[in-house]
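# Reading the structure
Residue strings, one per chain:
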Amino acid sequence: MSWTTRATRTVYENRWIHVREDEVTGPHGDGIYGVVRMQHPAVFVVALDDAERICFVELERYTTGRSLEVPAGGSDGEDPLVAAKRELLEEAGVTASEWQDLGRMNALNGIADAPEHVFLARGLTMTDATASQHEEGIDAVRWIPFADALALVAEGRITDGETIGALALAGIRLGRFR
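The notes below deal with the structure included here.

A tally of regular secondary structure across the protein gives four helices and eleven strands. By principal-axis analysis of the C-alpha atoms, the protein measures approximately 55 × 40 × 30 Å. In the protein, which comprises 178 residues, the share counted as buried stands at 39%. Within the protein, counting contacts between residues at least 6 apart in sequence, those at least 24 apart form 57% of the total. Of the roughly 10,000 Å² of accessible surface on the protein, 51% is carried by carbon and sulfur atoms. Placing the 17 positive and 29 negative side-chain charges of the protein at their respective mean positions leaves the two points 4 Å apart.

So this is what it looks like as structure tokens:
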């Protein structure tokens with residue numbers, strides 16, 4: 001059985017998210033469904049240096065606390081690749097000469113309409129981004145070998161779902177999981 005939306009109303013909206021409440025008929029009958037829609041797709045960057053290390057940013061998230069993540073952010077209506085380049089520079093102080101689109105993911109698809117684009121960045125050059133890192137709330141930029149990053153996921157020390165998904169897409173593309 002497919003879902004039918006009988007009515008919908010906006011309950012909250014800002015420049016990043018739109019929250020609505022839908023009256024629905026679904027597999028279990030009638031009910032109410034809350035949906036969060038991101039105003040713009042997000043981008044995630046797996047930046048891999050010549051030593052096969054991945055760039056991570058460490059920060060404190062209001063919702064979940066300390067987090068180790070790949071550079072990421074909202075596209076703000078930009079082309080996803082343009083946004084990915086901006087986010088990598090702002091968050092890590094890194095530019096890249098090679099970009100590869102790794103694919104698309106959906107965050108929290110049981111409650112959200114939140115498309116995400118994932119990119120692999122190589123041919124890296126470091127710049128100074130101290131001011132923008134401070135504005136982004138980033139405490140540190142860490143470079144971790146790919147295998148060690150996977151171990152951190154397995155140990156539960158990297159818990160950000162989008163970072164884990166981005167690492168999976170990169171690992172598949174790079175042939176690390178065969």
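This next bit is on helix α4 (residues 161-173). Taking 1.5 Å of rise per residue, 13 residues should cover 18 Å, and α4 covers 18 Å from first to last C-alpha, within 8% of that figure. Directly after α4, the chain includes G175, whose backbone phi takes a positive value near 75°.

So, about the packing of aromatic side chains. Under the counting rule described, the total for this entry stands at three aromatic pairs. Measuring from ring centre to ring centre gives 5.5 Å for W3 and Y33, while their planes differ by 80°; the resulting arrangement is edge-to-face. Placement of W3 in the segment before β1 (4-13) and of Y33 in strand β3 (residues 29-38) is noted, with a sequence separation of 30 residues between them. Between the aromatic rings of F146 and F177, the centroid separation amounts to 6.5 Å while the plane-to-plane angle is 50°, which identifies the pairing as tilted.

Among the secondary structure elements, R173 is positioned in helix α4. Sequence separation of R173 and I158 is 15 residues, and the distance between their C-alpha atoms is 20 Å. In this structure R173 touches Q100, D101 and L102, once residues within four positions along its chain are discounted.

Core analysis: the biggest nonpolar cluster contains 21 residues, and F44, V46, I54, F56 and V70 have the highest contact counts within it. Mapped by element, the contributors of at least two residues to this core are β4 (42-47), β5 (53-61), β8 (94-106), β10 (115-126), α3 (146-154) and α4. Sequence-distant contacts of V46, defined by excluding residues within four places in its chain, comprise I54, V70, F119, L120, A121, A166, L167 and A170. Judged by nonpolar contacts, the second largest core, of 13 residues, contains V43, A83, A92 and A96.

Moving on, we come to the sheet that holds strand β11 (residues 138-145). Judged by pairing direction, the sheet is antiparallel, and its three strands sit side by side in the order β6-β5-β11 without closing on themselves. Two strands close off the open sheet at either side, each with one partner strand: β6 (65-69) and β11. Averaged over all adjacent pairs, the angle separating strand axes in this sheet is 25°, with direction ignored. Taken together, the seven bridges between β5 and β11 define a ladder with antiparallel strand orientation. The partner of E58 across the bridge, within β11, is A140.

About the criteria used
- Residues numbered from 1 in each chain as written.
- Predicted model: local features only at pLDDT ≥ 70, side-chain atom pairs only at ≥ 80, totals over all residues.
- Heavy atoms only, no water.
- Helix = DSSP H or I, 4+ residues; strand = E, 2+ residues; numbered from the N terminus.
- Buried < 20%, exposed > 50% of the residue type's maximum accessible area, 1.4 Å probe, protein only.
- Contact = heavy atoms within 4.5 Å.
- Areas by Shrake-Rupley, 256 points an atom, 1.4 Å probe, with all protein chains shown as cover.
- Lys, Arg positive; Asp, Glu negative; His and termini not counted.
- Charge placed at Lys NZ, Arg CZ, Asp CG, Glu CD.
- Expected span 1.5 Å × (residues − 1).
- Phe/Tyr/Trp six-rings, centres within 6.5 Å; stacked < 30°, edge-to-face > 60°.
- Core = buried A, V, L, I, M, F, W, Y, C linked by side-chain atoms within 4.5 Å.
- Pairing = 2+ DSSP bridges.
- Axes fitted to C-alpha atoms, helices over the stretch in contact; angles between N-to-C directions.

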